[in-house]
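Report on the structure
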Amino acid sequence: MVEITLEYQGELHCRAVHGPSQAALETDAPADNMGRGEAFSPTDLTATSLGTCVATTMAIVAWRHGFELGNVSIQVRKHMTSEAPRRIARLEMDIAIPLPPDHPERATLEAVGARCPVRLSLHPEIEVVESYEWSGAPQS
């Protein structure tokens, strides 16, 4: 169990502290929803959690299989509904992996990304779309 302590600080700002590490982060309501957009919004953190979870679980599997994943980069685009109730409608991820397209663990890594804990925790109405770019030199 991990405990996270949250404090509403007024003006649509919150501060959260991660119990084990004492690392802190702040949130702000987005500019299109009465906020100033000065920090991650709560739904931005959902998109961030998805991307970091994909990268982390893929790196764990790579490590277990005896290779380094490299400097993976993931770009996540969050789309909100235009009608009420306001919620995340779609998350799009572009995942760039600096390994060759013919890497023997490619299918395993992509499957792991599709089943990371955050993705499995998202509401099924949230559409998740990912695309992979394998940019390393082909293996010989």
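Each remark here, short or long, concerns the structure printed above.
A few points on the structure. (Residues numbered from 1 in each chain as written. Predicted model: local features only at pLDDT ≥ 70, side-chain atom pairs only at ≥ 80, totals over all residues. Heavy atoms only, no water.)

Points about the pairing of strand β3 (residues 24-28)
Strand direction decides the pairing type here: strand β2 (residues 13-18) and β3, joined by 5 bridges, are antiparallel. Along β3, the bridge assignment pairs alanine 16 with leucine 25. Following β2, the chain reverses through 5 residues before pairing antiparallel with β3; glutamine 22 in that reversal takes a positive phi of roughly 65°. (Pairing = 2+ DSSP bridges. Helix = DSSP H or I, 4+ residues; strand = E, 2+ residues; numbered from the N terminus.)

Describing the side chain of serine 41
Relative to the elements of secondary structure, serine 41 occurs in the loop between β3 and α1 (42-64). Residue class for serine 41 comes out buried when judged on its relative accessible area of 1%. A distance of 3.2 Å separates the side chain of serine 41 from the side chain of threonine 43, its partner in a polar contact. Discounting chain neighbours no more than four positions away, the residues touching serine 41 are Asp28, Pro30 and Lys78. (Buried < 20%, exposed > 50% of the residue type's maximum accessible area, 1.4 Å probe, protein only. Polar contact = N/O pair within 3.5 Å; in protein donor to acceptor, adjacent residues only side chain to side chain. Contact = heavy atoms within 4.5 Å.)

Considering the sheet that holds β2
Strand order across the open sheet formed by 3 strands is β1-β2-β3, with antiparallel pairing between neighbours. In this open sheet, the two strands that pair with only one neighbour each are β1 (4-10) and β3. Ignoring which end each strand starts from, the neighbouring axes of this sheet average 20° apart. In this structure, β1 lies alongside β2, joined through 6 bridges in antiparallel fashion. The residue bridging tyrosine 8 from the neighbouring strand is cysteine 14, located in β2. (Axes fitted to C-alpha atoms, helices over the stretch in contact; angles between N-to-C directions.)

Description of the packing of aromatic side chains
In total, this model carries 1 aromatic pair according to the counting rule given. On the basis of an interplanar angle of 25° and a centroid distance of 6.4 Å, the ring pair of tyrosine 132 and tryptophan 134 is categorised as stacked. (Phe/Tyr/Trp six-rings, centres within 6.5 Å; stacked < 30°, edge-to-face > 60°.)

As for the pattern of salt bridges
What the rule picks out here adds up to 11 salt bridges. Across the salt bridge formed by glutamate 11 and arginine 36, the nearest N and O atoms sit 2.9 Å from each other. Of the two residues, glutamate 11 sits in the loop between β1 and β2 while arginine 36 sits in the loop between β3 and α1, which places them 25 residues apart along the sequence. You can call glutamate 11 exposed: its relative accessible area is 57%. Close ionic contact of lysine 78 with aspartate 44 constitutes a salt bridge, the shortest N to O distance being 2.6 Å. Here aspartate 44 lies in helix α1 and lysine 78 lies in strand β4 (residues 73-80), a separation of 34 residues in the sequence. (Salt bridge = Lys/Arg side-chain N within 4 Å of Asp/Glu carboxyl O.)

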